[in-house]
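What follows is each chain in one-letter form.
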Amino acid sequence: QVQLVESGGGLVQAGGSLRLSCVVSGRTFSTYSMGWFRQAPGKVREFVAYINWSGGYTAYEDSVKGRVTISRDNAKNTVYLQMNSLKPEDTAVYFCAASLTPLYLSAVYRRQDKYDYWGRGTQVIVSA
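Everything numeric here is computed off the predicted structure, so don't read it as measured data.

Before going further, it helps to spend a moment on the pattern of salt bridges. In the structure shown here, the tally under the stated rule is 6 salt bridges. Asp90 is paired through a salt bridge with Arg38; the nearest N and O atoms lie 2.9 Å apart. Of this pair, Asp90 sits in the loop between β8 (78-83) and β9 (92-99) while Arg38 sits in strand β4 (residues 33-39); the two residues are 52 residues apart in sequence, bridging distant segments of the chain. Overlapping salt bridges bring together Arg38, Glu46, Arg67 and Asp90 as one network.

Below you can see the structure in the form of structure tokens.
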């Protein structure tokens, strides 16, 4: 059983930064494709960022490009989401997700149904 636990959320002023972490149980974390998604109040959950198994490939939703960086430390079984220049519209619950199979295409890794395991989320609130 693979478990994901997010942390690092909180309340921050617009323009501030947060670093989210997601610790993943499982012996083969280094083979997992990882994604971050978010769900704002009253909205559907949406894709934020993706990182492949090695960290050599990353991708971002257009609205966060240049402000957000996804990274991973396979030795620590952890994936990170560094968020800078935060805006009130970034307010949401942020979820990390793991896929046990490689996800190569943008049309694939943006889809929530392609991920096998999910964390419970961490709340991010950005005040104006």
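So much for the structure itself; the text now carries on.
Moving on to the nonpolar core. In terms of nonpolar packing, the biggest core is built from 29 residues, with Met34, Trp36, Leu81, Met83 and Tyr94 touching the most fellow members. Setting aside residues up to four positions removed in sequence, Met83 forms contacts with Gly16, Ser17, Leu18, Leu20, Arg67, Val68, Tyr94 and Val124. By size, the runner-up hydrophobic cluster in this structure holds 8 residues, among which are Phe37, Ala59, Ala97 and Tyr115.

Our focus in this paragraph is the packing of aromatic side chains. In total, this model carries 9 aromatic pairs according to the counting rule given. Taking 5.2 Å as the distance between ring centres and 80 degrees as the angle between the ring planes, the aromatic pair formed by Phe37 and Tyr115 counts as edge-to-face. Residue Phe37 is located in strand β4, and its partner Tyr115 is located in the loop between α1 (106-109) and β10 (117-118); the two are separated by 78 residues in the primary sequence. Under the relative-accessibility criterion, Phe37 is labelled buried at 0%. Taken together, the ring pairs in this structure connect Phe37, Phe47, Tyr50, Tyr57, Tyr109, Tyr115 and Trp118 into an aromatic cluster. Taking the ring centre of Phe95 as reference, the NZ or CZ of Arg45 above it sits at 4.8 Å. A cation sits over an aromatic face here: Arg45 above Trp118, 3.9 Å from the ring centre.

Here is what the cut-offs are and how they apply
- Residues numbered from 1 in each chain as written.
- Predicted model: local features only at pLDDT ≥ 70, side-chain atom pairs only at ≥ 80, totals over all residues.
- Heavy atoms only, no water.
- Salt bridge = Lys/Arg side-chain N within 4 Å of Asp/Glu carboxyl O.
- Helix = DSSP H or I, 4+ residues; strand = E, 2+ residues; numbered from the N terminus.
- Core = buried A, V, L, I, M, F, W, Y, C linked by side-chain atoms within 4.5 Å.
- Buried < 20%, exposed > 50% of the residue type's maximum accessible area, 1.4 Å probe, protein only.
- Contact = heavy atoms within 4.5 Å.
- Phe/Tyr/Trp six-rings, centres within 6.5 Å; stacked < 30°, edge-to-face > 60°.
- Lys NZ or Arg CZ within 6 Å of the ring centre and 35° of its normal.

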